[in-house]
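# Observations on the model geometry
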Amino acid sequence: QLEILKRYCNPIPVNTVENLVNPSVIPILLSQYREGGNKPLVLIIEDGDATILSRKTHTNSLISTVLNMGDGILGQLLHTRMIISTNVPKTEIDPAVLRAGRLNAYIEVPPVDKEQANAIYKRLSGKEFDFKEKTVTLADVYGKVNESQNNFKVAKKKQEDTGQYA
């Protein structure tokens, strides 16, 4: 299965999304599509907040690229599928992205309860840990695993408005 992912999935750094519609990049994408046996070309954009923010509340020049690569002419030509991870609340996603026929799935990953967090930590690290919070985000679980494996602390940024650590 990993070989399938390597062949058909293309991680795209968020700072290069605008280049997807560059005339010099299109032949490369077309070549990948053909090499993949004309199977859908899957583009993965991690931390793609800037690519899907609503144009009503944010200046967003990347949304047209995302929409074109999704179901625009170029997206239709390459049978493009996009996976975009984000921390943007659904209410801040541009309505054009959410329009029927464009979004195949919207998956929200809520915090897990402390028992689940402890089990995930153990599965990932092979070690026991006892989260004190009632609910824990997966980012916090992975942060603790990274701390345990790399002997470093994940710094928490102090939020200016509340004085709390995020």
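Residues numbered from 1 in each chain as written. Predicted model: local features only at pLDDT ≥ 70, side-chain atom pairs only at ≥ 80, totals over all residues. Heavy atoms only, no water.

## Looking at the packing of aromatic side chains
On inspection of all chains with the given rule, the structure shows 3 aromatic pairs. Geometrically, the ring pair formed by Tyr121 and Phe131 is edge-to-face, given 6.2 Å between the ring centres and 80° between the ring planes. In this pair, Tyr121 is assigned in helix α7 (residues 114–125) and Phe131 in the loop between α7 and β5 (135–136), connecting sequence segments 10 residues apart. When sorted by exposure, Tyr121 lands in the same class as Phe131, which is buried. Ring centres 4.7 Å apart and planes at 65° place the aromatic pair Phe129 and Phe131 in the edge-to-face group. What makes Phe131 buried here is its relative accessible area of 3%. (Phe/Tyr/Trp six-rings, centres within 6.5 Å; stacked < 30°, edge-to-face > 60°. Helix = DSSP H or I, 4+ residues; strand = E, 2+ residues; numbered from the N terminus. Buried < 20%, exposed > 50% of the residue type's maximum accessible area, 1.4 Å probe, protein only.)

## A few points about the nonpolar core
Residues Ile12, Val17, Leu20, Leu29, Leu43, Met69 and Leu78 are the most contacted members of the largest nonpolar core, which totals 14 residues. For this core, the secondary-structure elements that each account for two or more residues are α2 (26–35), β2 (42–45), α4 (63–71) and α5 (73–78). A per-element tally of this core places α2 first, with 3 residues. With near-sequence residues (within four places) excluded, Leu20 lies in contact with Ile12, Val25, Ile26, Leu29, Leu43, Thr65, Met69 and Leu74. (Core = buried A, V, L, I, M, F, W, Y, C linked by side-chain atoms within 4.5 Å. Contact = heavy atoms within 4.5 Å.)

## What to know about the layout of surface pockets
Which parts of space are left empty comes out when a probe the size of a water molecule is rolled across the atoms. In this structure, the largest pocket spans a volume of roughly 1400 Å³. Every residue lining the largest pocket is counted, 37 residues in all, and those nearest its centre are Ile84, Ser85, Thr86, Ala105 and Ile107. Among the secondary structure elements, those contributing two or more residues to the lining of the largest pocket are α4, α5, β3 (81–84), α6 (95–98) and α8 (138–150). (1 Å grid on protein atoms, 1.4 Å probe; cavity = no way out; pocket = protein on both sides within 12 Å on 5 of 7 lines; lining within 4 Å. Points joined across faces, edges and corners; volume = space filled by probe spheres on them.)

## Some words on the pattern of salt bridges
Evaluated as defined, the whole model comprises 6 salt bridges. Its salt-bridge partner being Asp71, residue Arg102 comes within 3.0 Å of it at the nearest N-O pair. Taken together, the positions of Arg102 in the loop between α6 and β4 (112–113) and Asp71 in helix α4 put the pair 31 residues apart, joining distant regions of the chain. A residue is classified by how much of its surface remains accessible, and Arg102, at 30% relative accessible area, is partly exposed. Among the ionic pairs, Asp130 bridges to Lys132, the shortest N-O distance being 3.1 Å. (Salt bridge = Lys/Arg side-chain N within 4 Å of Asp/Glu carboxyl O.)

## With respect to α8
For α8, spanning 13 residues, the distance from its first C-alpha to its last is 18 Å, which sits close to the expected 18 Å at 1.5 Å a residue. All buried positions along α8 are accounted for by Val141, Gly143, Val145 and Glu147. (Expected span 1.5 Å × (residues − 1).)

## Re the pairing of β2
Pairing geometry for strand β1 (residues 9–11) and β2, over 3 bridges, is parallel. Residue pairing for β2: Cys9 is matched across the bridge by Val42. Handedness of the crossover is the feature at issue here: the chain leaves β1, passes through α2, returns alongside β2, and the resulting connection is right-handed. Bridge analysis of β2 against β3 gives 4 bridges, and the strand direction is parallel. Bridge pairing in β3 links Leu43 to Met82. (Pairing = 2+ DSSP bridges. Right-handed = clockwise from strand over helix to strand, strands pointing away.)

## Side note on α2
What α2 keeps buried is the set Leu29, Leu30 and Tyr33. One side of α2 holds all its buried residues, which, seen down the axis, span an arc of 100°. Away from its buried face, by an angle of more than 90 degrees, α2 presents the exposed residues Ile28, Arg34 and Glu35. (Arc of directions from axis to C-beta.)

## Digging into the sheet that holds β1
Pairing is parallel in the open sheet, where 3 strands are placed in the order β1-β2-β3. In this open sheet, the two edge strands, each paired with only one partner strand, are β1 and β3. Direction aside, the axes of adjacent strands within the sheet are offset by 25° on average. (Axes fitted to C-alpha atoms, helices over the stretch in contact; angles between N-to-C directions.)

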